[in-house]
Amino acid sequence: MLKSKPTKCYFDETIEIAGSVNTESLLLEWSEAPWDTSVMGYPVIQISRLSVRGPAANSDIVAYETVRDRVGCGLVSCRLPSDSLCESMFLEEHGFKFIELIYQPELSGLQDNLNFDFSGLTVRPACDDDISSILNIADNAFHNERFHIDPRLNPRFGNQRYCNWIKSSLLHRKQELYVVLEKSLLVSFFITELLPDRICYWHLNAVSPNLQGKGYGRRSWLAMLELSKEQGVEKVRTSIVARNYRVLNLYSSLGFRFSSPKMTFHWVRRS
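Residues numbered from 1 in each chain as written. Predicted model: local features only at pLDDT ≥ 70, side-chain atom pairs only at ≥ 80, totals over all residues. Heavy atoms only, no water.

**What to know about the environment of L121**
Relative to the helices and strands, L121 resides in the loop between strand 7 (105-108) and strand 8 (122-125). For L121, a relative accessible area of 3% translates into the label buried. Residues in contact with L121, not counting those within four places in the same chain, are V180, L181, E182, V187, Y216, R219 and S220. (Helix = DSSP H or I, 4+ residues; strand = E, 2+ residues; numbered from the N terminus. Buried < 20%, exposed > 50% of the residue type's maximum accessible area, 1.4 Å probe, protein only. Contact = heavy atoms within 4.5 Å.)

Below is the structure:
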């Protein structure tokens, strides 16, 4: 039987909530998600690394739980590879609930003479005059994401979270906010980021709810792929929840490939 070392817990709350437990039986690292804290009104923590190594993990996690309770955390999230069953069962033993399965579609070879027919749509960086319309889309278009479907959370937090993201993207050092238009009609928006190795990551996107089901989704996605191609991008990557099957089908029809999914878990403090 593996003998565990004494639990080591490193915690620094002078700047933000962050810490780790690193023993022979458990590796657990966490930090605050300040963008979620600002929306929820209480500290929100995300677990960034988790590895169950031995039989003393159940006792070693107490160091993290003590910190979590001391700071008054109300929500903790953790995302794991889909084959991390030992870790997922460990989380469930400690009050976490499975929330969603996430896929990361990826399209390579944008510079290989691919042609994208988006039939008259235009793409440009968003300006201040667009923000009201974009926020209206964000406030009504999302229904499948984890803040919306966890019955223990108020779905308005999810809407506010995305609205805050849109506002902050205008001043972000790396992320860009784009709008897709048909003449003067704002059809959809995309938040993107250029990564190393000629990769473009699509962080957040949505079609205006009153235009959905009319073919604007496919054309918007094609218009953004053409933009990425013009920017010299070789690969586009994004993430999407499995329950959003309509958009999953869209990515599949555009030639995106899917790697192994990830599982998301929530711990929510009982009131």
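**A closer look at the sheet that holds strand 8**
The seven strands are arranged 8-9-10-11-12-7-14 in an open sheet whose pairing can be described as mixed. Both edges of this open sheet fall to strand 8 and strand 14 (257-258), since each of them pairs with a single strand only. In the sheet, strand 9 (residues 175-182) pairs with strand 10 (residues 185-195) via eight bridges, with the strands oriented antiparallel. By the bridge assignment for strand 10, E176 is matched with T192. (Pairing = 2+ DSSP bridges.)

**Some thoughts on the confidence of the model for the chain**
Segments scoring low in pLDDT should not have their predicted coordinates read at a detailed level. When the pLDDT values of the chain are averaged, the result is 91; 94% of them are 70 or greater. Overall, residues 1-7 carries pLDDT values under 50, and its contacts beyond four positions in sequence, including any with other chains, amount to 18 contacts. Predicted confidence for residues 10-15 stays below pLDDT 50, and this span has 13 contacts to residues more than four positions away or in other chains. (pLDDT = per-residue confidence, 0-100.)

**A few points about the side chain of H94**
Within the fold, H94 resides in the loop between helix 4 (85-93) and strand 6 (97-103). A distance of 2.7 Å separates polar atoms of two side chains, one belonging to H94 and the other to N58. Filtering out sequence-adjacent residues up to four positions away, H94 remains in contact with N58, I61, E65 and W267. (Polar contact = N/O pair within 3.5 Å; in protein donor to acceptor, adjacent residues only side chain to side chain.)

**Section: the nonpolar core**
Counting residues in each nonpolar core, the largest one holds 27 residues, and the members touching the most others are L110, W202, W221, M224, L225, V236 and F256. The set of elements that each furnish at least two residues to this core consists of strand 9, strand 10, strand 11 (199-207), helix 8 (216-230) and helix 9 (245-253). Residue contributions to this core peak at seven residues, all from helix 8. Not counting chain neighbours up to four residues away, the residues in contact with V236 comprise P105, E106, L107, L110, C200, W202, L225, S228 and F256. Membership of the second largest hydrophobic core comes to 25 residues, among which are V52, L91, F96 and M263. (Core = buried A, V, L, I, M, F, W, Y, C linked by side-chain atoms within 4.5 Å.)

**Description of the pairing of strand 9**
In summary, the side chains of a regular strand alternate between the two faces of the sheet. With respect to burial, strand 9 is a largely interior element, six of its eight residues being buried. The pairing of strand 8 with strand 9 spans four bridges and is antiparallel. Paired with P125 across the bridge in strand 9 is Y178. Hairpin geometry of strand 9 and strand 10 is characterised by an intervening segment of two residues between the two adjacent antiparallel strands and by a positive phi of about 60° at K183.

**Concerning the packing of aromatic side chains**
Counted under the stated rule, the structure contains ten aromatic pairs. Considering the side-chain rings of F98 and F265, the 5.8 Å spacing of their centres and the 75° angle between planes classify their relative orientation as edge-to-face. Here F98, found in strand 6, pairs with F265, found in strand 15 (residues 262-268); they are 167 residues apart in sequence, far enough to count as distant. A residue is classified by how much of its surface remains accessible, and F98, at 43% relative accessible area, is partly exposed. An aromatic cluster is built from F190, W202, W221, Y251 and F256, whose rings are joined through pairwise contacts. Residue placement shows R68 over the ring face of W267; its charged tip is 3.9 Å from the ring centre. (Phe/Tyr/Trp six-rings, centres within 6.5 Å; stacked < 30°, edge-to-face > 60°. Lys NZ or Arg CZ within 6 Å of the ring centre and 35° of its normal.)

**Some points on the environment of S252**
By secondary structure assignment, the location of S252 is in helix 9. Given the relative accessible area of 44%, S252 is considered partly exposed. In this structure the C-alpha to C-alpha distance between S252 and P105, which are 147 residues apart in sequence, comes to 8.3 Å.

**Looking at helix 9**
Regarding helix 9, the residues found buried are L248, L250 and Y251. All buried residues of helix 9 fall inside an arc of 155° around its axis, so they share one side. Turned more than 90 degrees away from the buried face of helix 9, the exposed residues are R246 and N249. A positive phi of about 95° marks G255, the residue just after helix 9. (Arc of directions from axis to C-beta.)

**Considering the pattern of salt bridges**
By the definition in use, this model includes eleven salt bridges. Between R49 and E29 there is a salt bridge, with its nearest N and O atoms 3.3 Å apart. Of the two residues, R49 is situated in strand 4 (residues 44-52) and E29 in strand 3 (residues 26-32); the sequence distance between them amounts to 20 residues. You can call R49 partly exposed: its relative accessible area is 45%. The exposure class of E29 is partly exposed, given its relative accessible area of 24%. A salt bridge links E100 to R79; the shortest N-O distance between them is 3.0 Å. Here R79 lies in strand 5 (residues 75-81) and E100 lies in strand 6, a separation of 21 residues in the sequence. Exposure remark for R79: the relative accessible area of 38% places this residue in the partly exposed category. One salt-bridge network, held together by shared partners, links R68, D69 and R269. (Salt bridge = Lys/Arg side-chain N within 4 Å of Asp/Glu carboxyl O.)

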